[in-house]
Amino acid sequence: MYFDFLIPRRPVSLQTRNRINLQAWKRYVQSEATKTWTGQAYSTGDFQLTLVYLYDRDPVDIDNIIKPIQDALVGIIYDDDLLITDVESHRRPLNGTFNLTQCPEPLFKGIISGTECVYVRVCTPRSLESYL
């Protein structure tokens with residue numbers, strides 16, 4: 001299983017005091033995911049969530065963007081975020097150097113857009129030994 005998409009907006013931190021803004025962010029993530037996801041939500045299996053946050057200035061803490069995105073995908077990609085067994089999260093400046101030939105199409109589009117965004121991939125996890 002492999003699914004990826006781009007959230008073309010600055011992420012909202014789990015730590016925000018503005019809970020209304022956090023809920024609006026989750027709805028936005030859901031709307032972006034459903035633009036390309038056509039399958040049913042998985043009720044079994046193990047999945048890896050990979051995020052690449054491209055920022056302009058004053059980035060959001062990378063660990064605080066994971067949970068809202070993970071939660072937003074419940075009922076769309078998977079029935080329960082308990083199915084996420086592995087998480088990778090990366091933060092890079094938009095003005096960084098990238099090998100665009102190695103990027104998946106949604107990430108490529110995010111880089112060339114020049115605006116803050118989050119690339120999201122949900123896939124089958126690698127073996128534990130491949131991380132060691």
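Definitions and cut-offs
Residues numbered from 1 in each chain as written. Predicted model: local features only at pLDDT ≥ 70, side-chain atom pairs only at ≥ 80, totals over all residues. Heavy atoms only, no water. Helix = DSSP H or I, 4+ residues; strand = E, 2+ residues; numbered from the N terminus. Buried < 20%, exposed > 50% of the residue type's maximum accessible area, 1.4 Å probe, protein only. Contact = heavy atoms within 4.5 Å. Areas by Shrake-Rupley, 256 points an atom, 1.4 Å probe, with all protein chains shown as cover. Polar contact = N/O pair within 3.5 Å; in protein donor to acceptor, adjacent residues only side chain to side chain. Core = buried A, V, L, I, M, F, W, Y, C linked by side-chain atoms within 4.5 Å. Pairing = 2+ DSSP bridges.

A. Just the overall build of the protein, in detail. Summing up its helical and strand segments, the protein has three helices and four strands in all. Expressed as lengths along the three principal axes of its C-alpha atoms, the size of the protein is roughly 40 × 40 × 30 Å. A burial count over the protein gives 42% of its 132 residues as buried. Long-range contacts, defined as pairs at least 24 residues apart, comprise 78% of the intrachain contacts of the protein with a sequence gap of at least 6. A total accessible area of about 7,600 Å² is found for the protein, and carbon and sulfur atoms account for 49% of it.

B. Looking closely at the side chain of Q48. Following the sequence through the fold, Q48 ends up in strand β2 (residues 47-55). For Q48, a relative accessible area of 3% gives the class buried. One polar contact links Q48 to Y131, side chain to side chain, over a distance of 2.7 Å. For Q48, the residues in contact, after removing those within four places along its chain, are D86, E88, R121, V122, C123, P125, R126 and Y131.

C. Highlighting the nonpolar core. Counting 29 residues, the largest nonpolar core has I7, I69, L73 and V120 as the members making the most contacts within it. Elements with a minimum of two residues in this core: β1 (2-7), α1 (19-34), β2, α2 (63-72) and β4 (117-123). Sequence-distant contacts of L73, defined by excluding residues within four places in its chain, comprise F5, V29, A33, L49, Y78, V120 and V122. Ranked by size, the runner-up nonpolar core spans nine residues in total, among them V52, L54, C103 and I111.

D. Fine view of the pairing of β4. Burial analysis of β4 places six of its seven residues in the buried class, which makes it a mostly covered element. With six bridges joining them, β1 and β4 adopt antiparallel strand pairing. Within β4, the position partnered with I7 by the bridge is V118. Relative to β4, β2 is paired through seven bridges, and the arrangement is antiparallel. Bridge pairing in β4 places Y53 opposite V118.

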